[in-house]
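Listed below are the residues making up each chain.
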Amino acid sequence: VQLQASGGGLVQAGGSLRLSCAASGRTFRNYYMGWFRQAPGKGREFVAAISGRGSSTWYANSVKGRFTISRDNAKNTVALQMNSLKPEDTAIYYCAADPTGNAIAIMERYDSWGKGTLVTVSS
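Given the structure is predicted, the values throughout are model-derived calculations rather than measurements. (Residues numbered from 1 in each chain as written. Predicted model: local features only at pLDDT ≥ 70, side-chain atom pairs only at ≥ 80, totals over all residues. Heavy atoms only, no water.)

Caption draft 1: How the structure looks around the pairing of strand β11 (residues 117–122). Alternating residues of β11 divide into Thr117, Val119 and Val121, all buried, and Leu118, Thr120 and Ser122, none buried. Direction of pairing for strand β2 (residues 9–12) relative to β11: parallel, over a ladder of four bridges. Its bridge partner being in β11, leucine 10 is matched across the sheet by threonine 120. (Buried < 20%, exposed > 50% of the residue type's maximum accessible area, 1.4 Å probe, protein only. Helix = DSSP H or I, 4+ residues; strand = E, 2+ residues; numbered from the N terminus. Pairing = 2+ DSSP bridges.)

See the structure below:
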């Protein structure tokens, strides 16, 4: 599956952004989908994931209650709604696809990655 993320930008602290990831391929619904982020000078970290049918979601503690992951299998898209943004949310955000869902927070489990989209939160 090929992925393309979009929706990043500059926002003030406390604001909101919605990221979207478009996927190609007829088997999109078979994949767990995840969002990861990489802040300047730091490693890539897990943000959120969603099961193939969207019935299960997982979040990093740092974003729980502020971010919401969702998917539309009819449109082959996955979204990340980000509210109450903080400067520490500044990062490049990547969407990724995992065919197994065995370890949804482990970057190495994902076999398809989109190009990232930059989110900058100003204080």
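Further notes follow.
Caption draft 2: Layout of the pattern of salt bridges. In total, this model carries three salt bridges according to the counting rule given. Glutamate 45 is paired through a salt bridge with arginine 37; the nearest N and O atoms lie 2.6 Å apart. For glutamate 45, a relative accessible area of 36% translates into the label partly exposed. A salt bridge links arginine 66 to aspartate 89; the shortest N-O distance between them is 2.7 Å. (Salt bridge = Lys/Arg side-chain N within 4 Å of Asp/Glu carboxyl O.)

Caption draft 3: Main features of the environment of glycine 9. Structurally, the position occupied by glycine 9 is in strand β2. Glycine 9 has contacts with Leu17, Leu118, Val119 and Thr120, leaving out every residue within four places of it along the chain. (Contact = heavy atoms within 4.5 Å.)

Caption draft 4: Focus on the packing of aromatic side chains. All chains considered together, the criterion is met by six aromatic pairs. On the numbers, 5.0 Å between centres and 80 degrees between planes, the contact of phenylalanine 36 with tyrosine 110 is edge-to-face. Taken together, the residues span a long stretch of sequence, with phenylalanine 36 in strand β4 (residues 32–38) and tyrosine 110 in the loop between β9 (91–98) and β10 (112–113) at a distance of 74 residues. Across this residue pair, the class does not change: phenylalanine 36 and tyrosine 110 are buried. (Phe/Tyr/Trp six-rings, centres within 6.5 Å; stacked < 30°, edge-to-face > 60°.)

Caption draft 5: Local environment of the state of the cysteines. This structure, assessed with the given rule, holds one disulfide. Shown here is the disulfide that connects cysteine 21 with cysteine 95, its sulfur atoms set 2.1 Å apart. Judged by the sign of its S-S torsion, about 60 degrees, the cystine formed by cysteine 21 and cysteine 95 is right-handed. On the criterion of sequence distance, the pair formed by cysteine 21 in strand β3 (residues 17–24) and cysteine 95 in strand β9 is long-range, its members being 74 residues apart. Judged by its relative accessible area of 0%, cysteine 95 is buried. (Disulfide = S-S within 2.5 Å.)

Caption draft 6: Structural context of the nonpolar core. Counting 35 residues, the largest nonpolar core has Trp35, Leu80, Met82 and Tyr93 as the members making the most contacts within it. Those residues in contact with leucine 80 that lie beyond four places of it in its chain are Leu17, Arg18, Leu19, Trp35, Val47, Ala48, Phe67, Thr68, Ile69 and Tyr93. (Core = buried A, V, L, I, M, F, W, Y, C linked by side-chain atoms within 4.5 Å.)

Caption draft 7: Examining the sheet that holds strand β7 (residues 67–72) more closely. Strand order in the open sheet formed by four strands is β1-β3-β8-β7, with antiparallel pairing between adjacent strands. Whereas interior strands pair on both sides, the edge strands pair on one side only; in this sheet they are β1 (2–6) and β7. Neighbour-to-neighbour, the strand axes of the sheet open up by a mean angle of 15 degrees, direction not taken into account. (Axes fitted to C-alpha atoms, helices over the stretch in contact; angles between N-to-C directions.)

Fair warning: the whole summary comes from geometry, so function is off the table for now.
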